[in-house]
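The primary structure of each chain is shown beneath.
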Amino acid sequence: NATIATAGGGTALTTSGTTSGAFALTYAGAGSITVSNTISTPTSITANNTLTALNINTATVTSTGTQTYNSPITLGAATVTFTTTNSAATFAAITNGTARNMTVSTGSGAISLSGNVGTGTALSAIVLNSTGTTTITGIVNAASLTTNAGGTTAINSTAITTTGAQAYNDNVTLGANAALNSGAGTITFAGTLSGAANTLTIQNNGGATGTVTFTGNVTLSGLTTAANAYAVTMNGGTNTITNAVTF
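Note that the coordinates shown come from a computational prediction; the quantities given were computed from them, not determined experimentally. (Residues numbered from 1 in each chain as written. Predicted model: local features only at pLDDT ≥ 70, side-chain atom pairs only at ≥ 80, totals over all residues. Heavy atoms only, no water.)

Caption draft 1: Molecular detail of the overall build of the protein. Of regular secondary structure, the protein possesses zero helices and 30 strands. Relative to the globule expectation of 18 Å for 247 residues, the C-alpha radius of gyration of the protein, 19 Å, shows essentially globular dimensions. Over its C-alpha atoms, taken along the principal directions, the protein stretches across nearly 55 × 30 × 25 Å. Counting the 247 residues in the protein, one finds 48% classified as buried. Within the protein, contacts between residues separated by at least 24 positions form 17% of all contacts whose residues are at least 6 apart in sequence. (Helix = DSSP H or I, 4+ residues; strand = E, 2+ residues; numbered from the N terminus. Rg over C-alpha atoms; globule rule 2.2 N^0.38 Å. Buried < 20%, exposed > 50% of the residue type's maximum accessible area, 1.4 Å probe, protein only. Contact = heavy atoms within 4.5 Å.)

Caption draft 2: Looking closely at the packing of aromatic side chains. The final tally for this structure, using the stated rule, is five aromatic pairs. Here tyrosine 69 and phenylalanine 91 contribute two aromatic rings whose centre-to-centre distance is 5.2 Å and whose plane-to-plane angle is 15°, an arrangement assigned as stacked. With tyrosine 69 in strand β10 (residues 67-75) and phenylalanine 91 in strand β12 (residues 89-96), this pair connects stretches of sequence that are 22 residues apart. On the basis of relative accessible area, tyrosine 69 is assigned to the buried category, the value being 1%. Classification of phenylalanine 91 by relative accessible area gives buried; the value is 2%. Taking 5.2 Å as the distance between ring centres and 15° as the angle between the ring planes, the aromatic pair formed by tyrosine 168 and phenylalanine 189 counts as stacked. Of the two residues, tyrosine 168 is situated in strand β21 (residues 166-168) and phenylalanine 189 in strand β24 (residues 187-189); the sequence distance between them amounts to 21 residues. Like tyrosine 168, the residue phenylalanine 189 is buried in the burial classification. Clustering of aromatic rings is evident, with ring pairs tying together Tyr69, Phe82 and Phe91. (Phe/Tyr/Trp six-rings, centres within 6.5 Å; stacked < 30°, edge-to-face > 60°.)

Caption draft 3: Fine view of unusual backbone geometry. Phi at asparagine 86 is positive, roughly 50°, even though this residue is not glycine. Relative to the helices and strands, asparagine 86 resides in the loop between β11 (79-83) and β12. According to the relative accessible area criterion, asparagine 86 is partly exposed, its value standing at 49%. Residue glutamine 203 is not a glycine yet carries a positive backbone phi of 55°. Within the secondary structure, glutamine 203 sits in the loop between β25 (193-202) and β26 (212-214).

Caption draft 4: Structural view of the pairing of strand β16 (residues 123-129). Judged from the four bridges that link them, strand β13 (residues 101-105) and β16 form a sheet pairing that is parallel. Its bridge partner lying in β16, valine 104 is registered against leucine 128. Bridging between β16 and strand β18 (residues 140-147) involves five bridges; their strand directions are parallel. Paired with leucine 128 across the two strands is threonine 147, which belongs to β18. (Pairing = 2+ DSSP bridges.)

Caption draft 5: View of the nonpolar core. If you look at the biggest cluster of nonpolar residues, it comprises 52 residues, and the most contacted ones within it are Tyr27, Tyr69, Phe82 and Leu200. The residues contacting tyrosine 69, other than those within four sequence positions of it, are Ile45, Ala47, Leu54, Ile56, Val61, Phe82, Thr90, Phe91 and Ala92. (Core = buried A, V, L, I, M, F, W, Y, C linked by side-chain atoms within 4.5 Å.)

Caption draft 6: Layout of the side chain of serine 144. Relative to the helices and strands, serine 144 resides in strand β18. A relative accessible area of 19% places serine 144 in the buried class. Apart from the residues lying within four places of it in its own chain, the contact partners of serine 144 are Ser124, Ala125, Ile126, Thr162 and Ala165.

Caption draft 7: Region of interest: the environment of glycine 118. Among the structural elements, glycine 118 can be located in strand β15 (residues 117-120). For the pair glycine 118 and threonine 98, spaced 20 residues apart in the sequence, the C-alpha separation amounts to 9.4 Å. If we ignore the near neighbours within four places in the chain, the residues touching glycine 118 are Ile94, Leu123 and Asn141.

Caption draft 8: Region of interest: the side chain of glutamine 203. We classify glutamine 203 as buried; its relative accessible area is 0%. Of note is the side chain of glutamine 203, whose polar atom sits 3.0 Å from the backbone oxygen of glycine 210. With near-sequence residues (within four places) excluded, glutamine 203 lies in contact with Leu180, Asn181, Ser182, Gly183, Gly185, Ile187, Ala208, Gly210, Val212, Ala226, Asn228 and Tyr230. (Polar contact = N/O pair within 3.5 Å; in protein donor to acceptor, adjacent residues only side chain to side chain.)

In structure tokens:
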């Protein structure tokens, strides 16, 4: 196993070259670490919450096991792809000064965005690929957000805001009263949407015009739309909304 650590508070450390091998990789310390090297085949990757920041300036971060980022991370490469082999990937927070693309692919492993994403500057395209459960708990700001088919997405966030499309290609559960806004982009639920205890608000950010499509059955406590010029389509055969519906 290997630990890469800063010497103390305020210390900055940069790695380069290639990091590979069947070992557990840990980033630790009290300063910031900048990762400029390709990472491939460690059994796990962990960033301790004592770090002020983990700056990922490489395009590829691959492990055979879990990836757990307990510290805030920033994305420096134009596109950063995090890949595991059927293992979980967890992100505490993603804070960026520049818009970047992020793809997370975990096979059957879970994906968790437990903290806010796109604080500082919104991310570009976010793609989350898992046939397990993808959980979005923090507030998200991005150009677009896409999940793949085959798993489940749990929206436990109060707000997901994009300037382009939001495409949920799996079944979705709503674990909080949430507002989804996509500007001129579409919002599409390709599967079912279940959240009997919660209310979904869509396109309430002034001027939003993207169409909203519910392909499968919808079960909610409430559904609220805004008085903007956009269409809402409900294609499910059985839709249950127990409280107020506002169009």
